[in-house]
Amino acid sequence: LAETLPKFESARTTVICEDAMSCGRVVLYVLVGALAALFAIPAPSILSVENVDACIQASKAQKPGALPSFSLRKNAEFDVILFGATGFTGNLTARYLSRQQTHRNFTFAIAGRSQRKLDTLASSLPHPPSIFVADAGDLDALRALVRRTKVLITTAGPFADFGKLLVQACAEEGTHYADLSGEFFFQRDMIRDHHKTAQNSGAKIVVAAGYDSLPFDIGANLALSALHDADPATHKQPVSIVAGVTKSRGWLSGGTTASVKGMWADILSGNVSLSDSQDAYLLVPGADKCRVDTEASGWGVFPRYDYTLKTFGVPHFMAYVNARIVRRSMALLGHGALVSYGEGLTFGAIFDAAVFATPFLWHGHVSVMPAPGEGPPETMQRDGGFTCRVMATSSNAKTGETVSTQVDITGRGDVGYAHTSKLLAEVGLCLADVACHHASVGGGVLTTASATAVPELVRRLRAAMHEDGRPLLVFDVTSVATGSTDRPSVEL
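Residues numbered from 1 in each chain as written. Predicted model: local features only at pLDDT ≥ 70, side-chain atom pairs only at ≥ 80, totals over all residues. Heavy atoms only, no water.

A.B. asks: I'd like to hear about the overall build of the chain, residue by residue, with values.
C.D. replies: In terms of regular secondary structure, the chain is built from 17 helices and 14 strands. Within the span of the chain, comprising 492 residues, buried residues form 54% of the whole. Within the chain, counting contacts between residues at least 6 apart in sequence, those at least 24 apart form 78% of the total. Of the roughly 21400 Å² that the chain leaves accessible, carbon and sulfur atoms contribute 57%. (Helix = DSSP H or I, 4+ residues; strand = E, 2+ residues; numbered from the N terminus. Buried < 20%, exposed > 50% of the residue type's maximum accessible area, 1.4 Å probe, protein only. Contact = heavy atoms within 4.5 Å. Areas by Shrake-Rupley, 256 points an atom, 1.4 Å probe, with all protein chains shown as cover.)

A.B. asks: Requested: an account of the pattern of salt bridges, with residues and values cited.
C.D. replies: Taken as a whole, this structure holds 24 salt bridges when the rule is applied. As a salt-bridge pair, D468 and R470 come within 2.7 Å of each other at their nearest N and O atoms. Judged by relative accessible area, which is 44%, D468 ranks as partly exposed. Sharing partners across several salt bridges, the network here consists of R188, D189, R192, D193 and D276. (Salt bridge = Lys/Arg side-chain N within 4 Å of Asp/Glu carboxyl O.)

A.B. asks: An account of the confidence of the model for the chain is needed here, citing residue identities and associated values.
C.D. replies: Regions with low pLDDT carry predicted coordinates that are not meant to be interpreted in detail. Chain-level statistics for the chain give a pLDDT mean of 87 and a share of 87% at 70 or above. Across residues 10-17 the pLDDT falls below 50, and counting only partners more than four positions away or on other chains, this stretch makes 0 contacts in the model. (pLDDT = per-residue confidence, 0-100.)

A.B. asks: Could you give an account of the state of the cysteines, naming the residues involved and the relevant values?
C.D. replies: By the definition in use, this model includes 2 disulfides. The residue that forms a disulfide with C55 is C290, at a sulfur-sulfur distance of 2.1 Å. One disulfide, between C55 and C290, carries an S-S torsion of -85 degrees and so falls in the left-handed class. In this pair, C55 sits in helix α2 (residues 52-59) while C290 sits in the loop between α11 (274-277) and β8 (304-306), placing the two residues 235 residues apart along the sequence. Pair check on accessibility: C55 and C290 agree, each one buried. Note that C430 is cross-linked by a disulfide to C436, the S-S spacing being 2.0 Å. In this structure, the disulfide formed by C430 and C436 twists by about -95 degrees around the S-S bond and is classed as left-handed. With respect to burial, C430 and C436 carry one shared label: buried. Here the cysteine-cysteine linkages of the chain are recorded as 1-2, 3-4, numbering only bonded cysteines and doing so in sequence order. (Disulfide = S-S within 2.5 Å.)

A.B. asks: How would you explain the sheet that holds strand β6 (residues 204-206) if you had to name every residue and give the values?
C.D. replies: Reading across from one edge, β3-β2-β1-β4-β5-β6-β13 is the order of the 7 strands in this open sheet, with parallel pairing throughout. Edge strands, defined here as strands with exactly one partner in the open sheet, are β3 (130-133) and β13 (444-446). The average undirected angle you get between the axes of adjacent strands in this sheet is 20 degrees. Here 4 bridges tie strand β4 (residues 149-154) to strand β5 (residues 176-179), and the two strands are oriented parallel to one another. Each residue of the ladder has a partner; that of L152, found in β5, is Y177. (Pairing = 2+ DSSP bridges. Axes fitted to C-alpha atoms, helices over the stretch in contact; angles between N-to-C directions.)

A.B. asks: Could you give an account of a nonpolar patch on the surface, with specific residues and numbers?
C.D. replies: A contiguous nonpolar surface patch, about 350 Å² in accessible area, is contributed by V260, W264 and L268. Within the secondary structure, V260 is located in helix α10 (residues 254-269). (Patch = residues over 30% accessible without salt bridge, like charges linked within 9 Å, V, L, I, M, F, W, Y side chains within 5 Å.)

A.B. asks: So what about the environment of K74? Which residues, and what values?
C.D. replies: With respect to the helices and strands, K74 occurs in the loop between α2 and β1 (78-83). Relative accessible area serves as the criterion here: at 59%, K74 is assigned to the exposed category. Residues K74 and V434 lie 360 residues apart in sequence; the distance between their C-alpha atoms is 9.4 Å.

A.B. asks: Requested: an account of helix α15 (residues 418-431), with residues and values cited.
C.D. replies: In this model, α15 (14 residues) spans 21 Å end to end at C-alpha, consistent with the 20 Å of a helix rising 1.5 Å per residue. For α15, a buried count of 14 out of 14 residues is recorded, marking the element as mostly surrounded by other parts of the structure. (Expected span 1.5 Å × (residues − 1).)

A.B. asks: Please provide a residue-by-residue account of the packing of aromatic side chains, values included.
C.D. replies: The final tally for this structure, using the stated rule, is 12 aromatic pairs. Aromatic rings pair up to connect Y305, Y307, F312 and F347 into one cluster. Above the ring of F184, the side-chain terminus of R324 is found at 4.3 Å from the ring centroid. (Phe/Tyr/Trp six-rings, centres within 6.5 Å; stacked < 30°, edge-to-face > 60°. Lys NZ or Arg CZ within 6 Å of the ring centre and 35° of its normal.)

A.B. asks: With reference to specific residues and values, describe the packing of helix α3 (residues 88-100) against α15.
C.D. replies: The geometry of α3 relative to α15 is characterised by a closest axis approach of 9 Å and an angle of 55 degrees between their N-to-C directions. Considering the angle they form, α3 stands oblique to α15. Of the two possible hands of crossing, α3 and α15 adopt the one that is right-handed. Across the interface between the two elements, T89, L92, T93, Y96, L97, R99 and Q100 of α3 pack against A418, T420, S421, K422, A425, E426 and L429 of α15. Looking at side-chain class alone, the contact of α3 with α15 contains 6 nonpolar, 5 polar and 3 charged residues. (Parallel < 35°, antiparallel > 145°, perpendicular 65-115°, else oblique. Left-handed = near helix turned anticlockwise from the far one by under 90°. Nonpolar A, V, L, I, M, F, W, Y, C, P; charged D, E, K, R; others polar.)

A.B. asks: Just give me the short version of the environment of G262, but keep the residues and values in it.
C.D. replies: Tracing the chain through its elements places G262 in helix α10. Sequence spacing of G262 and F159 is 103 residues, and the spatial spacing of their C-alpha atoms is 9.8 Å.

A.B. asks: Tell me what's going on with the packing of helix α5 (residues 139-146) against helix α7 (residues 164-173), and back it up with residues and numbers.
C.D. replies: In contact at an axis separation of 9 Å, α5 and α7 are set at 50 degrees when each is read in the N-to-C sense. Regarding the angle of α5 to α7, the classification is oblique. The two elements α5 and α7 cross, and the hand of that crossing is right-handed. In this structure, α5 contributes L139, L142, R143 and V146 to the contact, and α7 contributes L165, L166, Q168, A169, C170, E172 and E173. A class-by-class count of the residues in the contact of α5 with α7 yields 7 nonpolar, 1 polar and 3 charged.

Dropping the structure here:
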């Protein structure tokens with residue numbers, strides 16, 4: 001045994017060494033193969049529409065009638081009423097509006113279920129607003145509430161539970177509305193149930209007016225407009241728009257997690273179909289023959305390299321909301337049958353988000369699954385933010401050249417709270433002002449890009465400031481490039 005053991009150990013070491021080297025080569029081959037696969041995985045296929053003109057006319061938003069929607073309730077008691085003011089995000093929105101009153105001329109009030117909580121909030125604000133008590137389940141009370149204001153904005157989610165009657169009241173009474181909903185089933189139901197009513201009353205019902213989905217909706221609109229300005233021939237050419245989030249620092253809100261749970265509960269219980277959850281055109285009724293995108297996010301379900309953005313990424317976690325909103329905007333504005341849209345989150349953004357959030361998680365400052373009403377500390381709200389690049393690409397039918405435009409978006413403040421609360425407030429103030437309306441679009445269940453005058457809203461968002469003097473949201477058209485069609489790009 002004494003003579004045999006050293007020989008055995010020597011043999012075992014040799015075998016292990018050879019196996020390790022072999023395993024190392026296998027790992028290397030796997031990594032190289034995986035990297036090659038990321039380059040090889042294509043973007044989702046894009047369809048061509050046969051009757052573009054018919055699709056545009058079928059989905060285009062209704063123009064204002066004899067009584068333009070933006071003139072409704074011009075003598076209302078308030079410019080804006082904030083519903084759900086005592087929640088975490090509602091509290092931030094109320095404080096922002098109150099601070100804005102020191103240098104802007106508007107009136108606002110707060111509303112919710114609890115008189116005591118509303119009193120406490122109002123007394124803590126620089127300019128204490130009027131208070132109204134109303135329950136989201138009391139339609140008569142909500143009707144009376146919305147008659148007093150030009151615009152109602154709401155942070156009370158999940159919106160499938162607390163938003164349906166508010167939308168109904170605003171649509172019937174001709175009061176403009178904006179929310180933070182990221183629940184695409186709720187949005188679909190509001191389009192189905194109240195779009196026609198809002199068209200008739202002139203009310204602009206604006207869904208997803210926070211981080212989901214305003215920056216992406218406006219960014220796509222700006223990129224497309226810049227492309228058309230750069231080359232008017234692209235007006236009638238297929239356009240591919242792709243957005244890549246390159247930094248995302250923030251945390252999920254309790255309302256967002258509750259909304260996600262609610263949507264999954266509806267799917268698992270059979271209240272909504274799985275096929276609907278995968279429908280890229282869920283928010284564009286009647287789009288059966290006008291579909292361009294074949295996958296909901298537009299990025300594809302797998303990690304891949306994007307040749308337009310020149311980066312690796314995965315589908316952005318909010319793409320399944322944002323992409324549907326962008327497609328609705330494009331349809332309402334008459335571009336839907338020509339424009340495809342995809343949205344991703346870069347590998348660099350994922351790493352940066354992990355580095356940013358880890359200390360807050362480690363010290364217990366944020367919860368993995370926050371409850372409604374919970375939120376992160378002020379330092380996380382202050383230091384959060386995001387950057388995103390949006391590129392629109394098309395080809396000139398006469399010259400064969402590829403034309404592309406690039407919009408860089410910079411948003412400051414935690415995306416789930418500090419940033420999104422101020423976005424909602426600014427959309428509400430925009431809807432209360434005739435100068436900030438999209439003059440050729442009347443009432444209906446709309447989006448920020450279709451309801452507002454985008455250049456004016458962009459100016460307001462750049463001028464809006466956080467407490468430390470930093471601009472809220474900045475859009476920069478940074479380049480216009482042309483080249484031959486053999487450049488790598490998303491296939492049209």
